[in-house]
Each structure stands twice: as C-alpha cells, then as structure tokens.
Amino acid sequence: MVDIISNRVQEAYGSFRLPGMFGTTQAVEAGGFSTYAMLKRFGEQKKRKRQIDKENDRKLREDSLYHMKNSPTPHISLDSKAMPGMACRFCSPAESQPQLDQVDRRRTAIDILRVTSHAGRRTNSSPTDWGVWCPHLAQAARVKKYDYPQVAGAVLGEERVQQALETAAKESVNEKRQELLDAGQSDDTFDEDAYYNETMRKHEKRAHRVLIGMRSKLSDMVLRITSWVLYKLLPCFLSGVAAHPGQVDMIKRAIAKNPDAPLIFLPLHRSHLDYIMVSFILLNHDIRCPLVAGGDNLRIPVFGNILRYDGAFFIKRKIDPLTGKKDHVYRSILHTYVQKVLTAGHNVEFFIEGGRTRTGKPCMPKSGILSVIVDAFNDKSISDALLVPVSINYEKLVDGNFVREQLGQKKVPESFSSAAAAIMKVLKARYGLMRIDFNEPFSLSELVKSLRKSETGGSYAPENRRLQHKPSSSSLFGTDVVQEEQELRTLVDNIARHVVYDCAKATSVMTTNALAFLLLNRFRDGAPLAILTEALEELRSYLNTTSRDIGFTGASEDIVKYAADLLGPGLVTKEKRAGQMFFKPVTMIPNVIELAYYSNSLVPHFALDSIVITVASFLKRQAEQRLREQQKSIEDVSIGRQELFSTCLEFCDLLMYEFILSKPCQSLETLLQDCYHRLCIMELLLQPEVEYTEEQHRARRLAANLELDELNDGSYSEDDYFDEQIDQEEEERVFLPAEKHCDRIVLQSVLAPFTNTYAAVASSLNQLLGGNSMVEGEFIKQCIKEITSRVESGQCKYGESISTDTVRNCLKVLEKRSAIEIVNNNGVRLVSLAPAFDSPTEVQTIIHSMEKFVPI
C-alpha cells in the first residue's frame, strides 16, 4: 500500500525540486520519490540541517556578544542643562553638597507605582518566586526595617516643661487675686498656697492630656501595611506617582556623608495626600520615615489613629488663645517634644507654609517648628541637620477645590463621615499624575556658618535690601520659648523664605497648569486647537530655556486634549467651530476661581516679568497723559529707566505677602535688571538709539565741557567723556514697541487679578472713615462683595480676583504701612483706619497707589 501511494506521488510531481535551507538546494532526480523510504530520508536530512543551522546561529550570537563586551564603550556626550532643585551655592557651599553627576541629571522621573520589588533585587524574579505573583506584598515585606523609639515619656520631666507649669500656675494665682480685687473683695482670706497647688495639679493633668493628644506612635508594621494598601488604592484614581530616582539618590548620599544628622523634610502643602506620599516614597527606597507635624483638625476617629501610627504628631493651628495670652504649657511641650524627637534620631517633616495653599501658589512661610530646629542646633542638642525642600504637584487636586473659602465662607471641619465620603468619591474619579520632587539636601550648619560669615564682613554677601516680613504671632517663633535675639529671628526667616523660593522654582509644571495658564492669560475668550497647540509649544520652549522642569512629555496637541478632559467641562468647554475643536475657559465666578488654582502654579515664574511690563505700561500712560495736557505729540513715547526700576520696587513692596520674588542671598534690584535685559532681548522693551545732527553733537560737546573741566585729571579725553555721557543717556530711556503690545497685555494679565483685588480693598476703606471699626471677618466679606460687584458689572474681568487670601494679604500690607490698625478686643479682631489716614484725602491716596498698577 505504501509503495502504491509513493508511485502515485511520483507520477503527480515527476519534475519536483526540493529547495534546501539557508541558500542550499537539494535536487531530486526527474524520477522523483520512488519509495516511502526515500521520503523519510529527505525528512531526516532537513531536520539535521535545522539543528546544525540553529547551533551555528547560537555560536554567532555568542561571538557577537563577546565582541561587544570586550570593545571599548563609546563616549556619549550628555546635555549639561541644570537640574531643578539643586541647593543654593551662595548659602550652602558646593564642596559640602552631594553632587549629581551628568548621568543622574539626565535620568527621567519614573512612576513608583509600577516599580515594585525593585526589579527583584533580592529574588531574581524567577517564575517560582512569590514576589512575581504578589509584587506589592513582596515589596512591603522587603523594605528595610528601622527602629522608631517613642520619646513622649521623657517630655514632662524636662526642666523647660516644669518651668512652664510653674509660670502658668503663678499667672493663675495673680489672675485670681486680681479677680477678687475687681469684685471689691479682700484677698486676706485668699489661701494663695492652696490655690497654687490646686492650679498646679490642673496644669499637670492638662500637660499630660496635651502630650497624649500630640504624640506620634510611628510603627514599622503599620508603615508596611499602609504601603501595601497604597499600592492597591492609588492606581484607582491616579495614573501614576512620578519621582526622580536621582533625587532619591541625593538623599542617600547625604545620609552616607552625614549619618548622624536628622533629615528635615520641608514640603509645600497642596493636599492631605501629601502627608502619606512622602513617607511612602522614602519607605520604598529604604530611607527612614519621618515624624510628620499635622494639624489637630486631622485628629479624627480611625483616620487620625492611622495617621498617628504612620508618623503624624498633631499640633494646634493657633498655639495661643485669641486674647493674646501665651499658652506656656503647650509651647513648652511642643518645643521639648520636637527636640526629643531630633535627639532620638528621628527624621522630621512639617509643612513650611503651615496649611494647604488655597490659591495654588506658594504661601508665606511659617517659622514655628523651624525655629525649634535651629534652636536645637544652637544649643548643641543636635550637631547638624539636613534640610530637604520638597515640591509636590498634581494634575488634578485630590482634595477638590477651595472655592468656598475663597468666596469668604467658613471651612467645613474634618470629621469621620466627611473623610470616609471623600475617600469613596476620590476612588471613583480620575486625577491624573502626581509629581514629587526632592530638592538637594543642604546642611543647616553650613547655612548658619555662611550667614554669620556675612555679618562679620566675609566674602559672602546677601542682599542689603530685602522685603521685611512680620513673623506669625501664632507660631513658636518670636516667643519666650525660643530665643528672642534678632540674629535667630533673621536667620530663621531667611531659611524659611529660601526654602519656599526653592520649592516654587523646583515644582514641576503639570499639563493642567500649562493649559489653565494659557487659557486665563492669553486665550480668555477661547482658541482653536491649532492655536492652543502652537502656544503650548512656545510655553514649553520658554520654560525649558529658563530651567523650569516640565512634568509631561508628548505631542502638544495630545496634551491640550488630555488636560482639557482632565479639568472637565466645568472648567474648560469644547465645541466644534468651523470644522475644528475650540477650547474656552469657563469664566463664571466659582469655576474660574478653581481654574485659577491650576494657573497660579506658573504665576510666580512670570511675576517679575509681569511687574516690569505692568510698571512700564503705567509709566507710558502717565507720560502720554502729560504730553496730552501739554498738547504735544504722543508718538514714540519713552520712559526713564531709573523711574522704571524705582516704581518696580514699589510694586514689589506692594506684593510682599503674595510672592517671594528673590532668595535672601539675592539682590532684588539685580533680579529686576536681569529681567529688564531679558525683556529687551525678547523686544518687549527697547532702548531707542538716539541720532543727533552735527550741530546737536557740537552743542552737547560744548555743554559737557563745563562739567569736564571739574573732572578732567588727564585720565580720559573729551571724546571719551562725551561718548560715555551719550551712552548713559541712551541707557536711561525705555521704549515700548507697538508691535509687541499684545504680548505685553498677556504678561500684564498675570498679576492683574491681584492688583484688581488690592484696588477693591483700598476702595472698601471708605467704610472705615470717621473712626468706624469693623470686625475683621465682616470687613473681609465687604471686600469680597465689592470685588464681586466689580466683576458682575464688567469693571473687572477677572473673576479669580475674588479671593479671601488675597484680601488678607492686602490688609497685612496696609497694616505694615500703618494705614490701618487691627486690634484684639476680647478675642475679636477689629479693623479701623489709623488716625493719620482717617480722612477722604488720605484714603484716596491709598486707592491711587493701588489702582495705578491695574492694567487698562
């Protein structure tokens, strides 16, 4: 049967040729396959050839790999672009810093939610390894274990606390005696010793309650459980958590270089999620987790206990009562507890701004806990500390928005039910990417040494002119617990402002920040997708040239669509117009306030540019008005350069509580000059070249000779002197080219919401004329009402000007300028005009000083 089948196949394919493998050809005789045995032999031959060729391929690959391994590695030149978040080399010498090499600088941020088990660092990720099947659980089990000692038991016995208890008891005795005298009773029957002992026991019991409520119970086991839970929950509402591995390596190198110094993490505060995420990243990179200072409003059932075991210790938002009486007991316990934590080897984290930012831009720093750390260094409780500024940003804020508070309504207090409802709501929504940037750690001892060197006439010279700020009266700073010396006060204030400035500079720009900034400042009436894409390309290019980190990549067109979808139709509307997609911001009051939150992340970056352009435009309008009054031509009007800089400094003083425009080690005048030159390069401002006729040159020369006779000592000629005078005169004039008018309008709009708010607050001062006073909260509501009225009437086109925070900052400026007085009357803060300003003329002067910076 087999032979019959073979013969039939031979007849059908009598001229069959068999192609061989890899270029060889096996020919079969024209007679073909005569038998089944011959067919079998050809099949075995092909099988053997496949095995031989496979072996040859394997040897060829091995030879190639061997050649690559033994060949010299080619040199790759990397971009030398500065990495954001590096320490200031003026305040912290370069030789003391753990530098990043060029490879580390070029590494990109990674999503830590997708990097589990650290690529099987301990398990080799074999198929039988349980870490491959349970990576999150394996990661939680793998992290390095640390001992976290409890220090609360050693606090109450400290001398500082005992002295505070005695002081509080004596004050209570004096108050009781005064109370009896005020009531017309004799104090002869008053048993002072008995009352003192009774009061002392009450204060001791309260001190124990305060300490129990404050203390942290940081637990390694709870940290691991929390880490596993976060790995499961975070992907439900975040597309990723990005962090730069080079920044984490910087922290590890700093620890290796100074292992005895505690790490002090100083994040900017945007969300309640900030507390946990810093510890989450540190834990999963084998760095000791810090104790985190949190507000006592978070001490709620269940969630408060979880935070306490994750490292939180709770402090009061306002340490002293509203009456201004100092709470000696609470201050001493907090001060002593923080110092015990530091000496026990714990790392510490606290939010340098105090609470969360309500506007999206950095707040002015609070120096309370920082002053305790500096004080611990000064009294040798710790030999050094490594300060680590931390920048945190979100594509979409997890906490919702702060529109209610910006409209003047009271904050809703946290509770268990509200926290649970918020968590459930968050898990069902989409919030995009979260980005955390750790700045380069810098040594507190090196910083103090540099600052003190400047006071003794060393080479380091911080700026002479600095915007001064009044420290918070509700913090530990400037009280009897912490040293009152001006040196410490200035030092702590400089460090705090430096940290906030560095954090703002290192904060990554997210997709929603870029889109919101463009829509509110450049395309408030909307724009097609193609125009928005082109504008985003220009913005990205500009931010790259100014070393600002961008937290996104990809095509600009896709980024615009993605960011608009993430912000949602409540903030950005999309519609088809003329066959293309059209995007427009929602400018209704509640919506635009929320959209401005995302835009304000970029406002500090453009603040100086906006200041210079706003002032230049105001001076030009002023010059044109003078020329009109003189009935002269207003074409090609120029302004004085010196007048420009002096008015810019006046504008900076007005915004002293809104922005930190320069580091303590920088000169504000120098930064303004750099900004001016940058704007000249961009041709937004110009220095006109003046051309003189021969007769004008001769006349100017003769006039200059009079001054030259007094100065000429033979060191330079008449021509040199005259040319120098001409150059100086030409430098002192500034011209605003008409063709760049639209670009200047965009820059003016950056600060326009703030100047409109300030102008409205100044106008509201008319209600205080005649010696009237108002409760501060009620006056702020009147200011919000005035701004709202201006927005609704069209007098102000910036709905985001309605901001309680900006109103409060304006009141601080007015109080500092002694225009208003804010007094505490039995716990109620009253606002009134200062006697020297209680007249319509003076109020009008204040209004003019504010309104002149409002763009027209």
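Residues numbered from 1 in each chain as written. Predicted model: local features only at pLDDT ≥ 70, side-chain atom pairs only at ≥ 80, totals over all residues. Heavy atoms only, no water.

**What about the overall build of the protein chain?**
Assigned secondary structure in the protein chain consists of 30 helices and 19 strands. Sorting the 856 residues of the protein chain into buried and exposed places 49% on the buried side. Per element, the accessible surface of the protein chain, about 42,100 Å² overall, is 52% carbon and sulfur. (Helix = DSSP H or I, 4+ residues; strand = E, 2+ residues; numbered from the N terminus. Buried < 20%, exposed > 50% of the residue type's maximum accessible area, 1.4 Å probe, protein only. Areas by Shrake-Rupley, 256 points an atom, 1.4 Å probe, with all protein chains shown as cover.)

**Considerations on the sheet that holds strand 12 (residues 527-528)**
Strand pairing in a sheet relies on backbone hydrogen bonds, with the paired strands running either antiparallel or parallel. The strand order 12-14-13 describes an open sheet built from 3 strands, whose pairing is antiparallel. Lying at the two open borders of the sheet, with one neighbouring strand each, are strand 12 and strand 13 (572-577). This element, helix 20 (residues 556-567), spans strand 13 and strand 14 (580-585) of the sheet and lies at about 125° to strand 13. (Pairing = 2+ DSSP bridges. Contact = heavy atoms within 4.5 Å. Axes fitted to C-alpha atoms, helices over the stretch in contact; angles between N-to-C directions.)

**Some details on the pattern of salt bridges**
For side chains bearing opposite charge, pairing can occur when the charged atoms are close. Following the criterion strictly, the structure yields 24 salt bridges and no others. Glu158 is the partner of Lys340 in a salt bridge, and the nearest nitrogen-oxygen pair spans 3.0 Å. Of this pair, Lys340 sits in helix 12 (residues 328-343) while Glu158 sits in the loop between helix 5 (135-142) and helix 6 (159-182); the two residues are 182 residues apart in sequence, bridging distant segments of the chain. Judged by relative accessible area, which is 22%, Lys340 ranks as partly exposed. The partner of Lys574 in a salt bridge is Asp565, and the shortest N-O contact between them spans 2.5 Å. Of the residues examined, Asp565 reaches a relative accessible area of 39% and is grouped as partly exposed. When salt bridges that share partners are traced, they join Arg356, Asp399, Lys411 and Glu414 into one network. (Salt bridge = Lys/Arg side-chain N within 4 Å of Asp/Glu carboxyl O.)

**With respect to the pairing of strand 9 (residues 386-394)**
A large share of strand 9 lies buried, amounting to 9 of its 9 residues. Bridge count for strand 5 (residues 263-267) against strand 9 is 5 bridges, and the pairing is parallel. When the sheet's bridge partners are listed, Leu263 is paired in strand 9 with Leu386. Bridging between strand 9 and strand 10 (residues 433-438) involves 5 bridges; their strand directions are antiparallel. Bridge pairing in strand 10 links Asn393 to Arg435.

**Comments concerning the packing of helix 8 (residues 220-237) against helix 10 (residues 273-283)**
Closest axis-to-axis distance for the helix 8/helix 10 pair is 10 Å, and the angle between their directions is 115°. One finds that helix 8 runs roughly perpendicular with respect to helix 10. Both helix 8 and helix 10 take part in a crossing whose hand is left-handed. Contacts between helix 8 and helix 10 pair Leu223, Arg224, Thr226, Ser227, Leu230, Tyr231, Leu234 and Phe237 from the former with Leu273, Ile276, Met277, Phe280 and Leu283 from the latter. In terms of residue class, the contact of helix 8 with helix 10 is built from 10 nonpolar, 2 polar and 1 charged. (Parallel < 35°, antiparallel > 145°, perpendicular 65-115°, else oblique. Left-handed = near helix turned anticlockwise from the far one by under 90°. Nonpolar A, V, L, I, M, F, W, Y, C, P; charged D, E, K, R; others polar.)

**Some thoughts on the packing of aromatic side chains**
Summed over all chains, the structure comprises 15 aromatic pairs. Every member of this aromatic cluster is reached through a ring pair, and the members are Phe402, Tyr597 and Tyr598. Here Lys361 stacks its cationic end above the ring of Phe659, 5.3 Å away from the centre of that ring. (Phe/Tyr/Trp six-rings, centres within 6.5 Å; stacked < 30°, edge-to-face > 60°. Lys NZ or Arg CZ within 6 Å of the ring centre and 35° of its normal.)

**Structural notes on empty space enclosed by the protein**
Per the counting criterion, the structure on display carries 9 cavities of 30 Å³ or more. Its boundaries defined by the atoms lining it, the largest cavity holds a volume of some 280 Å³. Elements with a contribution of two residues or more to the lining of the largest cavity: helix 14 (403-406), helix 18 (511-521), helix 21 (589-599) and helix 27 (741-764). Of all the elements, helix 21 adds the most residues to the lining of the largest cavity, at 6 residues. (1 Å grid on protein atoms, 1.4 Å probe; cavity = no way out; pocket = protein on both sides within 12 Å on 5 of 7 lines; lining within 4 Å. Points joined across faces, edges and corners; volume = space filled by probe spheres on them.)

**Brief notes about the sheet that holds strand 18 (residues 820-825)**
In space, the 3 strands of this open sheet follow the order 17-19-18, with antiparallel pairing throughout. Each edge of the open sheet is held by one strand with a lone partner, namely strand 17 (773-775) and strand 18. Within this sheet the neighbouring strands show an average axis-to-axis angle of 30°, counted without direction. Strand direction decides the pairing type here: strand 18 and strand 19 (residues 828-833), joined by 6 bridges, are antiparallel.

**Side note on the environment of Ala109**
Within the secondary structure, Ala109 is located in the loop between helix 3 (102-106) and strand 3 (110-111). Of the residues examined, Ala109 reaches a relative accessible area of 30% and is grouped as partly exposed. A sequence separation of 137 residues divides Ala109 from Gly246, and the C-alpha atoms of the two residues are 8.5 Å apart. In this structure Ala109 touches Ala242, Ala243, His244, Pro245 and Arg435, once residues within four positions along its chain are discounted.

**Focus on a nonpolar patch on the surface**
A contiguous nonpolar surface patch, about 520 Å² in accessible area, is contributed by Leu137, Met221, Ile225, Trp228, Val229 and Leu233. Ranked by the residues each element gives to the nonpolar patch, the list is headed by helix 8, at 5 residues. Within the secondary structure, Leu137 sits in helix 5. (Patch = residues over 30% accessible without salt bridge, like charges linked within 9 Å, V, L, I, M, F, W, Y side chains within 5 Å.)

**Considering the pairing of strand 4 (residues 240-243)**
Taking every second residue as pointing to the same face, both faces of strand 4 are buried, with Gly240 and Ala242 on one and Val241 and Ala243 on the other. For strand 3 and strand 4, the ladder comprises 2 bridges, and the chain directions are antiparallel. Directly across from Ile110, in strand 4, lies its bridge partner Ala243. Relative to strand 10, strand 4 is paired through 4 bridges, and the arrangement is parallel.

**What to know about a positive patch on the surface**
Together, Lys318, Lys366, Arg808 and Lys812 give the surface a local cluster of positive charge. Residue placement: Lys812 occurs in helix 29 (residues 804-816). (Lys, Arg positive; Asp, Glu negative; His and termini not counted. Charge placed at Lys NZ, Arg CZ, Asp CG, Glu CD.)

**As for the confidence of the model for the protein chain**
Residue-level pLDDT values for the protein chain average 81, and 76% of them are 70 or greater. For residues 1-5, every residue scores under 50 in pLDDT, and the model assigns this stretch 1 contact once sequence neighbours within four places are set aside. Counting contacts from residues 9-36, a segment whose pLDDT is below 50, to residues more than four positions away or on other chains yields 39 contacts. (pLDDT = per-residue confidence, 0-100.)

**Concerning the packing of helix 27 against helix 28 (residues 776-793)**
Viewed as axis vectors pointing N to C, helix 27 and helix 28 meet at an angle of 120°, and their least axial separation amounts to 9 Å. Relative to helix 28, the element helix 27 is oriented oblique. Seen from above, helix 27 lies across helix 28 with right-handed handedness. Residues Thr757, Ala759, Ala760, Val761, Ser763 and Ser764 of helix 27 touch helix 28, and the partners they reach there are Phe779, Gln782, Cys783, Glu786, Ile787 and Arg790. Partitioned by chemical class, the residues of the contact of helix 27 with helix 28 number 6 nonpolar, 4 polar and 2 charged.

**Digging into helix 24 (residues 668-681)**
For helix 24, which comprises 14 residues, the first-to-last C-alpha distance of 20 Å matches the rise-based estimate of 20 Å (1.5 Å per residue) to within 8%. Looking at helix 24, one finds that the buried residues are Leu668, Leu671, Leu672, Cys675, Tyr676, Leu679 and Cys680. Positive phi shows up at Glu683, right after helix 24, with a value of about 65°. (Expected span 1.5 Å × (residues − 1).)

**A short note on unusual backbone geometry**
Here the phi dihedral of Lys380 falls at roughly 70°; this positive angle occurs in a residue that is not glycine. Looking at where Lys380 falls in the secondary structure, it is placed in the loop between helix 13 (368-378) and strand 9. Residue classification places Lys380 among the exposed residues on the basis of a relative accessible area of 69%. One non-glycine residue, Ala578, lies in positive phi territory at about 55°. Looking at the secondary structure, you find Ala578 in the loop between strand 13 and strand 14.

**A short note on the state of the cysteines**
For the structure shown, the criterion picks out 0 disulfides. Among the cysteines around Cys648, which has no disulfide bond, Cys652 carries the closest sulfur, lying 6.6 Å off. Assessed through its relative accessible area of 0%, Cys648 is described here as buried. Unpaired in terms of disulfides, Cys680 finds its nearest cysteine sulfur in Cys675, a separation of 9.6 Å. Given the relative accessible area of 18%, Cys680 is considered buried. (Disulfide = S-S within 2.5 Å.)

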